Amino acid sequence: MNKVLRRSNNDQWIAGVMGGLADYMGIGSGKLRLIFVIVSCLSAAFPGLFVYLILWFLMPKQGA
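In this text, all values refer to a predicted model and were calculated from it rather than measured experimentally. (Residues numbered from 1 in each chain as written. Predicted model: local features only at pLDDT ≥ 70, side-chain atom pairs only at ≥ 80, totals over all residues. Heavy atoms only, no water.)

A. Highlighting the overall build of the protein. When helices and strands are tallied, the protein shows 3 helices and 0 strands. Going from N to C terminus, the protein has its helices and strands arranged as α-α-α. Projected onto the principal axes, the alpha-carbon positions of the protein cover approximately 35 × 20 × 20 Å. A total of 64 residues make up the protein; the buried ones form 27% of that total. (Helix = DSSP H or I, 4+ residues; strand = E, 2+ residues; numbered from the N terminus. Buried < 20%, exposed > 50% of the residue type's maximum accessible area, 1.4 Å probe, protein only.)

B. Spatial organisation of the packing of helix α1 (residues 17–25) against helix α3 (residues 48–58). Between α1 and α3, the shortest axis-to-axis distance is 10 Å and the interhelical angle comes to 80°. When the axes of α1 and α3 are compared, the pair comes out roughly perpendicular. Together, Val17, Met18 and Leu21 of α1 and Tyr52, Leu55 and Trp56 of α3 make up the contact between the two elements. Here the contact of α1 with α3 is built from residues that sort into 6 nonpolar, no polar and no charged. (Axes fitted to C-alpha atoms, helices over the stretch in contact; angles between N-to-C directions. Parallel < 35°, antiparallel > 145°, perpendicular 65-115°, else oblique. Contact = heavy atoms within 4.5 Å. Nonpolar A, V, L, I, M, F, W, Y, C, P; charged D, E, K, R; others polar.)

C. Representation of the UniProt feature "transmembrane region" (unreviewed entry) in the protein within the structure. UniProt annotation of "transmembrane region" (unreviewed entry) refers to residues 34–59 when read in the numbering used here. Within the segment residues 34–59, helix and strand shares are 77% and 0% respectively, and the terminal C-alpha atoms sit 20 Å apart. (UniProt positions renumbered as here; feature names shortened; annotations may be inferred.)

D. Representation of the packing of α1 against helix α2 (residues 29–42) within the structure. Running from N to C, α1 and α2 point in directions that differ by 115°, and their axes come no closer than 9 Å. Relative to α2, the crossing made by α1 is right-handed. Packed against α1, whose contacting residues are Met18, Gly19, Leu21, Ala22 and Met25, the element α2 presents Ser29, Leu32, Arg33 and Phe36 at the interface. Of the residues contributing to the contact of α1 with α2, the split by class is 6 nonpolar, 2 polar and 1 charged. (Left-handed = near helix turned anticlockwise from the far one by under 90°.)

E. Here's a closer look at the layout of surface pockets. Empty space within the largest pocket amounts to approximately 270 Å³. When residues in the lining of the largest pocket are grouped by element, the largest group, 5 residues, is from α3. Residues belonging to the lining of the largest pocket are distributed by class as follows: 10 nonpolar, 4 polar and 1 charged. (1 Å grid on protein atoms, 1.4 Å probe; cavity = no way out; pocket = protein on both sides within 12 Å on 5 of 7 lines; lining within 4 Å. Points joined across faces, edges and corners; volume = space filled by probe spheres on them.)

F. Region of interest: the packing of aromatic side chains. Across all of its chains, the model carries 3 aromatic pairs by this definition. Ring geometry for Trp56 versus Phe57: centroids 6.0 Å apart, planes at 15°, classification stacked. Of the residues examined, Trp56 reaches a relative accessible area of 31% and is grouped as partly exposed. Owing to a relative accessible area of 68%, Phe57 belongs among the exposed residues under this scheme. Put simply, the rings of Phe36, Tyr52, Trp56 and Phe57 touch in pairs and so form one group of aromatic residues. Cation over ring: Lys3 sits above Tyr24, and NZ or CZ is 5.7 Å from the ring centre. (Phe/Tyr/Trp six-rings, centres within 6.5 Å; stacked < 30°, edge-to-face > 60°. Lys NZ or Arg CZ within 6 Å of the ring centre and 35° of its normal.)

See the structure below:
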């Protein structure tokens, strides 16, 4: 079965981006959110909000 990267309908706080990425990678969404926030805060080279917004607009919703 091929994996498809989609935003989550079930596991979402804002837009379902982290839930969809977690499903795709097979890890917990809470763990992925924590990693994303830490990397975004500690790195000037990783503009987390900008990346999140791009993923929000590029990733289709589940069932769409």
